[in-house]
Amino acid sequence: MTDTHGEAGEAARWWATAVSHIEPGSIELRDRPVQDLIGTAGLVDVIWLMLRAGLPTPRESSLLEAALVAGVDHGPQAPSIAAARMAATCGVGLNNAVATGVNMLGDAHGGAGQQCVEMLTDIRDLYASRGSWRQAAQEVMADWQSRSRYLPGFGHRFHPVDPRRDPLIGLVRQAVRDSVVGGDFLHAALAVEAILERRRAGARPVPMNIDGATAVIYAELGFSAPLARGLFVLSRSVGILAHAWEESGQGRRNKGPIPRSVLPARLPQPKDA
């Protein structure tokens, strides 16, 4: 038993947590002995357990796993992966290379999923008073675009149609039909997508992207907006690790962002220099 008296007890209370508990010969994750989870619970189930203090149903677990799989990698042109590959050639070790990539995941690169959950939540909340998904989406979109020309979760600089969108949204549609999830966030995202499609009129498409599709899943499963970013970081860490490991075996040293034969262009000096 943990001593709760004296200085040791004060330290124990300082670090008190419901996430895990250890004593000599005992490790518990959310009050579940780890030996009971080993071999019986999958990694996705344990991610859910650690974040939510319970285990998901098989359908919830499958839906979460699909979102995590979809976000694993997007090639070395992604800043987080490029940075990890460069770091791997600098003698910092694999863990540092992975950390370098993870630390590139900020608001602009890696934060759109969180932002999209926030936007879809705004639409869901406004729908309660408007009674129209389209009207609620229009009002929330106008508010978001008054602050930024980007709508989180929609549009892609590389893909005219994000190949991850359809399978993920198809799984959510089926989950709604089977009453696994409620469907409000799906309706909100589809309303945004429909408005953007009507606006397009020959312009470059603004399809739902991976951040939008996974945001729908995370929100439907009840994860808070900040956890949508955290789950994306977990997912993308797998790709970052794979790229850093591959790069570390290629024998390059001090790899830069462009080949050594390509020299940066010279910019004109500022007038007041």
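Up top is the structure.
Remember, it's a predicted structure, so these values are computed and weren't measured experimentally. (Residues numbered from 1 in each chain as written. Predicted model: local features only at pLDDT ≥ 70, side-chain atom pairs only at ≥ 80, totals over all residues. Heavy atoms only, no water.)

Caption draft 1: Examining the overall build of the chain more closely. Secondary structure assignment for the chain yields twelve helices and three strands. Overall, the C-alpha framework of the chain stretches about 65 × 60 × 40 Å when taken along its three principal axes. Here the chain holds 273 residues, and 40% of them are scored as buried. The contacts of the chain with a sequence gap of at least 6 include a subset with a gap of at least 24, amounting to 69%. When the accessible area of the chain is evaluated, it comes to approximately 15800 Å², of which 57% is carbon and sulfur surface. Across the chain, 28 positive and 28 negative side-chain charges occur, with their mean positions spaced 12 Å apart. (Helix = DSSP H or I, 4+ residues; strand = E, 2+ residues; numbered from the N terminus. Buried < 20%, exposed > 50% of the residue type's maximum accessible area, 1.4 Å probe, protein only. Contact = heavy atoms within 4.5 Å. Areas by Shrake-Rupley, 256 points an atom, 1.4 Å probe, with all protein chains shown as cover. Lys, Arg positive; Asp, Glu negative; His and termini not counted. Charge placed at Lys NZ, Arg CZ, Asp CG, Glu CD.)

Caption draft 2: View of a nonpolar patch on the surface. A cluster of nonpolar side chains, Leu94, Leu241 and Trp245, forms an exposed patch at the surface whose accessible area comes to about 320 Å². Structurally, the position occupied by Leu241 is in helix α12 (residues 225-248). (Patch = residues over 30% accessible without salt bridge, like charges linked within 9 Å, V, L, I, M, F, W, Y side chains within 5 Å. Salt bridge = Lys/Arg side-chain N within 4 Å of Asp/Glu carboxyl O.)

Caption draft 3: Representation of helix α7 (residues 112-130) in the model. Here α7 is 19 residues long and its end C-alpha atoms lie 26 Å apart, about the 27 Å a rise of 1.5 Å per residue gives. Following α7 by one or two positions, Gly131 has its phi on the positive side, about 75°. (Expected span 1.5 Å × (residues − 1).)

Caption draft 4: Structural context of the nonpolar core. Of all hydrophobic cores here, the largest spans 50 residues; its most connected members are Leu64, Ile123 and Val192. At the level of secondary structure, the elements contributing two or more residues to this core comprise α3 (43-52), α4 (58-70), α7, α8 (133-145), α9 (165-177), α10 (184-200), α11 (210-220) and α12. Here this core takes nine residues from α10, the largest share from any one element. Among residues more than four places away in sequence, those in contact with Ile123 are Trp133, Ala136, Ala137, Val140, Ala188 and Val192. Ala78, Ala84, Ala88 and Val98 belong to the second largest nonpolar core, which has nine residues in total. (Core = buried A, V, L, I, M, F, W, Y, C linked by side-chain atoms within 4.5 Å.)

Caption draft 5: Molecular detail of the sheet that holds strand β3 (residues 32-33). Across the sheet, three strands lie side by side as β1-β2-β3; this open sheet has antiparallel pairing. Edge positions in the sheet fall to β1 (20-23) and β3, since each of these pairs with one other strand and no more. Examined bridge by bridge, β1 and strand β2 (residues 26-29) share four bridges and lie antiparallel to one another. For Ser20, the partnering residue across the bridge sits in β2 and is Leu29. (Pairing = 2+ DSSP bridges.)

Caption draft 6: Looking closely at the pattern of salt bridges. Evaluation of the coordinates by the stated rule reveals twelve salt bridges. Across the pair Arg59 and Asp178 runs a salt bridge, and its minimum N-O distance is 2.9 Å. With a gap of 119 residues between them, Arg59 in helix α4 and Asp178 in the loop between α9 and α10 connect regions that are remote in the sequence. Under the relative-accessibility criterion, Arg59 is labelled partly exposed at 37%. Bridged by salt links that share partners, the residues Arg85, Glu246, Glu247, Arg252 and Lys255 form one connected network.

Caption draft 7: Inspection of the packing of α4 against α11 at higher detail. Where α4 meets α11, the axes come as close as 10 Å, and the angle between the chain directions of the two elements is 160°. Looking at the two axes, α4 sits roughly antiparallel to α11. The interaxial crossing formed by α4 with α11 has left-handed handedness. Every residue of α11 that contacts α4 at Leu63, Leu64, Ala67, Leu68 and Ala70 is listed here: Ile210, Thr214, Ile217 and Tyr218. (Axes fitted to C-alpha atoms, helices over the stretch in contact; angles between N-to-C directions. Parallel < 35°, antiparallel > 145°, perpendicular 65-115°, else oblique. Left-handed = near helix turned anticlockwise from the far one by under 90°.)

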